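# Fold and contact review
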Amino acid sequence: MKYVYCIFFVTFCTVGVVPAQVMSLEEVKARYTLEAEKLKEQRVEKEDALRESYLTALLRMELKARTDSDLDGVLAAQREIERVEKDSEPLVAHSPSVHHEVLRMQNLIKRQVKVFQQEEARGLSSMVENLVRFADTRSRDLTRVGDIDAALAWRGWSEELAQSPEVVAATRMLRESEARQGEGEPERPAELHPALRGNPLAIIDKKTEEFEDGTRAFLLGNEPEGNEKRINESTPNAAGSGHALLQGRLRLVDEDNTLARQNNRWVRYHHRAHMYVPRVQLTPLPGRELGRTLVVFDLFKRGSGSRREVIRTDTAILPPIAERTQVVVDAGVYAYETSQHRTSWGSRGDHTTADQFYGFIVTLFDAEGNLIYQRCSDRALDSHARTEPPTPPGQ
């Protein structure tokens, strides 16, 4: 959103340098209306994306409640789905649900919508502050040259702008937020969840060529290069949407090398080596530092139903990451070999040195163990998504 302020900053800096390029009062009013509308549209887009994630989570809840024969859960999920599907209904519920799981999700949605509203308020407040300062300067300049009517017009508009309902509401929201943060004694740091009490990874800032077995974190551009496969990712639930804190996307390094091969009229034989490295790229949103975070990679084996099980879980604790810093986190290498033969007389065989790789889930937890981001590499894995950090060894 900082591009909004830059537009006005560049425009205002022309005052006194190139007078012919100074925007008129009507032009500034029109530009303000346009930029304020853009801020609102950005908030609405985020809320629409959050609505879709919330509906996905509610549909999952309804399906699970049906499987568990939980009639109350099914009815509560259906009522909330019906409400959320109506565009005329606000995303934040007027009346809290009596069902504990729906209420938990409603509170989560309420907090995230509040964050979106504060971002819009912060952007509007900063823009108006710059505009009022510019209008006052313009009024003084016009007074100096004797154009009193124009000076009064600029002064009147700046006062009207500062007292407009949307600006007053934005200022009040920001002040209330600051007051809540400043009440009482300074807040004590939240106690770390047991899963986040280890030493965080060092972020690698030098170009690295080789993949390794353990999890590693890199500043974007320093990660090892490989045959990256783009993932059609899915978000299992609203808690893992991550819209309020960061942007993230999944990648998969997928290498397949033929070790031996034979094809003739009597036999077909293939021996291959496979290497997979699940990868996630994370970027905290502007103005949002990402605190100490636990990244969990759950790798799943090929199969269906109950056979689609976790074959390995890799974890990594990340140190705090500044806003807009792009970080890539790699799981450890998962490698195995496969062989396959077919003969003209009907003999056939398949062999693998380990479970064959199917897909993965990336989950992020904050310092208190709250789920803040989650993506699956395949929608079929949504029902296997975790909601809590893995238990540390020895506990």
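So, a few notes on the structure that sits alongside this text.

Conventions adopted
- Residues numbered from 1 in each chain as written.
- Predicted model: local features only at pLDDT ≥ 70, side-chain atom pairs only at ≥ 80, totals over all residues.
- Heavy atoms only, no water.
- Phe/Tyr/Trp six-rings, centres within 6.5 Å; stacked < 30°, edge-to-face > 60°.
- Helix = DSSP H or I, 4+ residues; strand = E, 2+ residues; numbered from the N terminus.
- Buried < 20%, exposed > 50% of the residue type's maximum accessible area, 1.4 Å probe, protein only.
- Core = buried A, V, L, I, M, F, W, Y, C linked by side-chain atoms within 4.5 Å.
- Contact = heavy atoms within 4.5 Å.
- Polar contact = N/O pair within 3.5 Å; in protein donor to acceptor, adjacent residues only side chain to side chain.
- Axes fitted to C-alpha atoms, helices over the stretch in contact; angles between N-to-C directions.
- Parallel < 35°, antiparallel > 145°, perpendicular 65-115°, else oblique.
- Left-handed = near helix turned anticlockwise from the far one by under 90°.
- Pairing = 2+ DSSP bridges.
- Expected span 1.5 Å × (residues − 1).
- 1 Å grid on protein atoms, 1.4 Å probe; cavity = no way out; pocket = protein on both sides within 12 Å on 5 of 7 lines; lining within 4 Å.
- Points joined across faces, edges and corners; volume = space filled by probe spheres on them.
- Nonpolar A, V, L, I, M, F, W, Y, C, P; charged D, E, K, R; others polar.
- Salt bridge = Lys/Arg side-chain N within 4 Å of Asp/Glu carboxyl O.

### Some remarks on the packing of aromatic side chains
For the structure shown, the criterion picks out 6 aromatic pairs. With a centroid separation of 4.5 Å and an interplanar angle of 20°, the aromatic rings of Tyr276 and Phe357 are classed as stacked. Taken together, the positions of Tyr276 in strand E5 (residues 267-284) and Phe357 in strand E11 (residues 357-365) put the pair 81 residues apart, joining distant regions of the chain. Residue Tyr276 is classed as buried on the basis of its relative accessible area of 10%. A relative accessible area of 2% means that Phe357 is categorised as buried. Taken together, Tyr276, Tyr334, Tyr336 and Phe357 form an aromatic cluster joined through their ring pairs.

### Observations regarding the nonpolar core
Counting 25 residues, the largest nonpolar core has Val280, Phe297 and Val329 as its most contacted members. Of all elements in the fold, only strand E4 (246-263), E5, strand E6 (293-301), strand E8 (327-330), strand E9 (334-343), E11 and strand E12 (371-376) reach the threshold of two or more residues within this core. Considering each element in turn, this core owes the most residues, 4 residues, to E11. Counting 22 residues, the second-largest nonpolar core is a separate cluster that includes Met23, Tyr32, Leu142 and Ala151.

### Description of the environment of Thr363
Mapped onto the secondary structure, Thr363 falls in strand E11. Look past the residues within four positions of Thr363 in its chain and what remains in contact with it is Leu294, Val295, Val296, Leu371, Tyr373, Gln374 and Arg386. A polar contact is formed between the side chain of Thr363 and the side chain of Gln374, at a distance of 3.0 Å.

### Regarding unusual backbone geometry
If you check the backbone angles, Ser69 has positive phi at about 60° while not being a glycine. Judged by its relative accessible area of 67%, Ser69 falls in the exposed class. Its identity as a non-glycine residue notwithstanding, Arg324 has a phi of 65°, on the positive side. Mapped onto the fold, Arg324 is located in the loop between strand E7 (310-318) and E8. Of the residues examined, Arg324 reaches a relative accessible area of 46% and is grouped as partly exposed.

### A word on the packing of helix H2 (residues 25-67) against helix H5 (residues 148-162)
Packing of H2 against H5 brings their axes to within 11 Å, and their N-to-C directions diverge by 15°. In terms of orientation, H2 and H5 fall into the roughly parallel class. Crossing geometry of H2 relative to H5 is assigned as right-handed. Facing H2, whose interface residues are Leu25, Val28, Lys29 and Tyr32, H5 presents Ala153, Trp154, Trp157 and Leu161.

### Observations concerning the sheet that holds E11
With antiparallel pairing, 4 strands are arranged side by side in an open sheet as E7-E6-E11-E12. Lying at the two open borders of the sheet, with one neighbouring strand each, are E7 and E12. Geometrically, the sheet is characterised by an average inter-axis angle of 15° between neighbouring strands, direction not taken into account. Two elements, E6 and E7, share 8 bridges in a ladder whose sense is antiparallel. By the bridge assignment for E7, Val295 is matched with Ala316.

### A look at H2
An ideal rise of 1.5 Å per residue puts 63 Å on 43 residues; H2 measures up with 63 Å between its terminal C-alpha atoms. Positive backbone phi, at 60°, marks Ser69, one or two positions downstream of H2.

### A short note on the pairing of E5
For E5, the tally of buried residues reaches 14 of 18 residues, placing the bulk of the element in the interior. Sheet topology note: the E4/E5 ladder contains 17 bridges and is antiparallel. Within E5, the position partnered with Arg251 by the bridge is Arg279. Pairing of E5 with E9, which is carried by 10 bridges, proceeds in the antiparallel orientation. Residue His271 lies in a different strand from E9, and its bridge partner there is Ser339. For E5 and E8, the ladder comprises 4 bridges, and the chain directions are antiparallel. By the bridge assignment, Val280 is partnered in E8 with Val329.

### Examining the pairing of E8
Here E8 shows a buried face lined by Val327 and Val329 and a second buried face lined by Val328 and Asp330. Bridge count for strand E2 (residues 216-219) against E8 is 4 bridges, and the pairing is antiparallel. Bridging from a neighbouring strand, Phe218 pairs with Val328 of E8.

### Thoughts on the layout of surface pockets
Taken as a whole, the second largest pocket holds about 270 Å³ of empty space. Considering the residues around the second largest pocket, the lining is formed by 14 residues, among which Glu120, Ala121, Leu124, Glu166 and Ala170 are closest to the centre. Broken down by secondary-structure element, the contributors of at least two residues to the lining of the second largest pocket are H2, helix H4 (100-144) and helix H6 (165-182). In terms of residues, the lining of the second largest pocket owes the most to one element, H2, which gives 6 residues. In terms of residue class, the lining of the second largest pocket is built from 8 nonpolar, 2 polar and 4 charged.

### Brief notes about the pattern of salt bridges
Enumeration according to the criterion identifies 22 salt bridges in this entry. Residue Arg43 pairs with Glu120 through a salt bridge whose shortest N-O separation is 2.4 Å. One end of the pair, Arg43, is in helix H2; the other, Glu120, is in helix H4, and 77 residues separate them in sequence. Residue class for Arg43 comes out buried when judged on its relative accessible area of 16%. Residue Asp136 is joined to Arg155 by a salt bridge in which the shortest nitrogen-to-oxygen separation is 3.8 Å. Of the two residues, Asp136 sits in helix H4 while Arg155 sits in helix H5, which places them 19 residues apart along the sequence. Arg155 gets classed as partly exposed once you look at its relative accessible area, which sits at 35%.

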